[in-house]
Amino acid sequence: MAAIIRRDGVRSFVLFTVGGMGLALPLDSVLEILRPPALVPIPLGPPSLEGLARRRGAVLPVIGLRRVLGLAGAGAGEGGAGDGETKAARLLILRHNGQPVGLLVDRVSGLSAVDEGRIADSATAPDPSIDADLLAGAILAGDGAAGDGALILDPGPLIERQFADLGRGPAGSADFSAAPQPKTVAAVSQDEEQLVVLTVAEQEFALPVAAVREVVPVPETVIRVPRARPHLLGMMTLRDALLPLVGLRELFGLDAALDAADRGRGKVAVLRTAEGLVGVAVEDVREILRVPRERIDPVPPLMAREAEFEDMDGIARLDGGARLIPVLSAERLFRHGAGSGAGVGIHAQGREGEAAVATEAEAERAEAFVVFRLAGAEYGLPVAAVQEVLRQPDAVTPLPNAPDFVSGVTTLRGGVLPLVALRRLLRLPEEREAGGDRGRVVVIAAGAARAGLLVDGMTGIVRIPDGAIGPAPVVSQAQHRLIRRIGALESAAERRMILLMDPAELLDMDQLADLLATV
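Residues numbered from 1 in each chain as written. Predicted model: local features only at pLDDT ≥ 70, side-chain atom pairs only at ≥ 80, totals over all residues. Heavy atoms only, no water.

Colleague: Give me the overall build of the protein chain: which residues, what numbers.
Modeller: If you tally the helices and strands in the protein chain, you get 11 helices and 34 strands. When burial is assessed residue by residue, the protein chain has 53% of its 519 residues classed as buried. Contacts in the protein chain between residues far apart in sequence, at least 24 positions, make up 61% of those at least 6 positions apart. Within the structure as shown, the protein chain displays about 23500 Å² of accessible surface, and the carbon and sulfur contribution to it stands at 50%. (Helix = DSSP H or I, 4+ residues; strand = E, 2+ residues; numbered from the N terminus. Buried < 20%, exposed > 50% of the residue type's maximum accessible area, 1.4 Å probe, protein only. Contact = heavy atoms within 4.5 Å. Areas by Shrake-Rupley, 256 points an atom, 1.4 Å probe, with all protein chains shown as cover.)

Next up, the structure:
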């Protein structure tokens, strides 16, 4: 039973309501009371889990008390609460086994000091509509803030029942001192080039993954530079660092107009150059490909003499030559149009604003992830584990007697690739948003094992500083095996929480089937 503050025969409580029911928690069990922040869904959790929130550098699971009590509507404002209750909803922060936990309630009535004479223990409490094991007693009706009475929740059993493993490692002991590290994954062959495929004015271009620091959405705010050349769109911030933003469409003189949908999903490829980091605005990032070096041909000599082709390292021949993708050089890219001075502007900007332009300091420690979308949340896999990202195939061959999360197999460069339906694996709704494209296949490998993960779409490549990566709360053992870490990016320009998956665990099909049989 929870301890209750006692001062001269008086006990202190936080009073709140859920679905019209008056409830209370001992004041000393509540760390904070907040307006509900944006929540990020996490899969394989209990039905009461609303999602994850971030507070004071810690990631915490949020329990919806409406879900716990079986009331209509899943959480304040999700069908069972009106607009007034949605605005009045609050998040009560508690701690369980060293892990902060949020309780989502409809409304906080206030704080109250209650005489002991008005407190009945659980044995004599009124017959409640919730399990008596979750109660520490009741406040009987009387005068004051709790005049109508309230049931006193015992936070320990309440949280323990939802998350039996919360705050415990695999061995059952609390340990949040270090995030688990991913298992070793297979590296890309030295005979292959890993390329990021970008689209500009409906044309495909590629850059080596090694030259791309990260790929992020176009920022909401871009500072225009007076009298700048058309390709220099302005300055942008990336995690409080300043870097120039170049429009690849303008740089190449591609005049095809963008529709509203294209503008809404624009991306910025952040490139490493000798003078610092530069953002390159493109329409989309479609794929990450592994291309044998023998299939990347040099630019034909007749074209190589032209200044327009100086920024190309070669041309990748794919699909038997039916698909040709120019491979750009990050170092020579901004010499494009140098005869007219187009390349000078960006370099001069880098020299004059050397102190302000973002540079990749040697002391910076960060990990790069391929980030993709799935059911409204962002997930990440280490770049080293991802061999390529492809469009979903038109046809998939069913695989008899396979686990239900294996949708079938397809062929990839002469080999058989099993396809894992990640929504099904993570027990997420299988219906995708209307109007989206066909999705992507993220190909991962560890040793000889290889699989393709079916995802909704690709966000980009994101570098997450080591200090922004922490352990994920253990909402279930299945989740803890697959999603062990969380990357939280917070700055004036972005607030993101990325669920980081363990690629080696995703490739152990037999273990996955056994693990998910208990979910």
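Alright, that's what it looks like, and here's the rest.
Colleague: Quick one: what's the story with the sheet that holds strand S17 (residues 241-247), residue by residue and with numbers?
Modeller: On the basis of which strands lie adjacent, the open sheet formed by five strands has the order S15-S18-S19-S17-S16 and mixed pairing. The two strands at the open ends of the sheet, each matched to only one other strand, are strand S15 (212-217) and strand S16 (232-238). Neighbour-to-neighbour, the strand axes of this sheet turn through a mean angle of 30°, independent of strand direction. When S15 meets strand S18 (residues 267-273), the two strands line up antiparallel, connected through five bridges. Opposite Glu-214, over in S18, you have Val-270 as the bridge partner. (Pairing = 2+ DSSP bridges. Axes fitted to C-alpha atoms, helices over the stretch in contact; angles between N-to-C directions.)

Colleague: Summarise helix H11 (residues 509-516); cite the residues concerned and give the values.
Modeller: Note: α-helices contain 3.6 residues per turn, so residues at a spacing of three or four share the same orientation. For H11, the full list of buried residues reads Met-509, Leu-512, Leu-515 and Leu-516. Down the axis, H11 shows its buried residues gathered within 125° of arc, on one side only. Turned more than 90 degrees from where H11 packs its buried face, Asp-510 and Asp-514 sit exposed. On its buried side, H11 packs onto strand S27 (406-412), strand S28 (415-421), helix H8 (422-425), strand S30 (449-455), helix H9 (477-482) and helix H10 (503-507). (Arc of directions from axis to C-beta.)

Colleague: Explain the packing of aromatic side chains to me, and be specific about the residues and the numbers.
Modeller: Each aromatic ring pair is summarised here by two numbers: the centre-to-centre distance and the angle between the ring planes. Counted under the stated rule, the structure contains two aromatic pairs. Consider the rings of Phe-372 and Tyr-379, whose centres lie 6.0 Å apart with planes at 10°: the pair is stacked. A single burial state applies to Phe-372 and to Tyr-379, both of which are buried. (Phe/Tyr/Trp six-rings, centres within 6.5 Å; stacked < 30°, edge-to-face > 60°.)

Colleague: Summarise the sheet that holds strand S25 (residues 377-382); cite the residues concerned and give the values.
Modeller: Strand order in the open sheet formed by six strands is S31-S24-S25-S34-S33-S32, and the pairing between neighbours is mixed. Of all the strands in the sheet, the pair left with one neighbour each is strand S31 (457-465) and strand S32 (469-471). Neighbour to neighbour, the strand axes of the sheet diverge by 35° on average, direction disregarded. Across eight bridges, the pairing between strand S24 (residues 366-374) and S31 is antiparallel. Of the residues in S31, the one forming a bridge with Phe-372 is Met-458.

Colleague: Before we move on, can you summarise the nonpolar core with the specific residues and values?
Modeller: One recurring pattern in soluble globular proteins: nonpolar side chains tend to sit buried together. Core analysis: the biggest nonpolar cluster contains 98 residues, and Phe-16, Tyr-379, Leu-422, Leu-426 and Met-501 have the highest contact counts within it. It is H11 that contributes the most residues to this core, four residues altogether. Each residue touching Phe-16, except ones within four places of it in the same chain, is listed here: Met-21, Gly-22, Leu-23, Ala-24, Leu-25, Leu-65, Leu-92, Val-105, Arg-107, Val-108, Ser-109 and Leu-153. (Core = buried A, V, L, I, M, F, W, Y, C linked by side-chain atoms within 4.5 Å.)

Colleague: Let's hear about helix H3 (residues 155-162): which residues, and what values?
Modeller: Looking only at H3, the buried set comprises Pro-155, Leu-158, Ile-159 and Gln-162. On an axial view of H3, the arc spanned by its buried residues comes to 85°, and they lie on one face. Buried residues belonging to H3 abut strand S3 (21-26), strand S6 (58-64), helix H1 (65-69), strand S7 (90-96), strand S8 (99-105) and strand S12 (150-153).

Colleague: Got a sec to walk through the pairing of strand S20 (residues 284-292)? Specific residues and values, please.
Modeller: Taken across its nine residues, S20 has eight buried, putting it largely inside the fold. In this structure, strand S13 (residues 192-200) lies alongside S20, joined through eight bridges in antiparallel fashion. Bridge assignment links Glu-192 to a residue of S20, and that residue is Pro-292.

Colleague: Go over the environment of Glu-220, please, and point to the residues and values.
Modeller: For Glu-220, the position within the fold is in the loop between S15 and S16. Residue Glu-220 is classed as exposed on the basis of its relative accessible area of 84%. For the pair Glu-220 and Glu-494, spaced 274 residues apart in the sequence, the C-alpha separation amounts to 9.4 Å.

Colleague: Tell me about the pattern of salt bridges, and name the residues and values.
Modeller: Applying the stated rule across the entire model yields 27 salt bridges. Between Arg-495 and Glu-490 there is a salt bridge; the shortest N-O distance is 2.9 Å. Arg-495 sits in the exposed class, given a relative accessible area of 67%. The class for Glu-490 is partly exposed, based on a relative accessible area of 39%. One salt-bridge network, in which partners are shared between bridges, spans Glu-192, Arg-290, Glu-388 and Arg-413. (Salt bridge = Lys/Arg side-chain N within 4 Å of Asp/Glu carboxyl O.)

Colleague: Give me the lowdown on the confidence of the model for the protein chain, citing residues and values where you can.
Modeller: Per-chain confidence: the protein chain averages 79 in pLDDT, with 77% of residues scoring 70 or above. When the elements of the protein chain are averaged for pLDDT, helix H7 (residues 342-352) gives the smallest value, 43, and S25 the largest, 96. Counted against residues more than four places away or in other chains, residues 169-186, with its pLDDT under 50, gives 35 contacts. (pLDDT = per-residue confidence, 0-100.)

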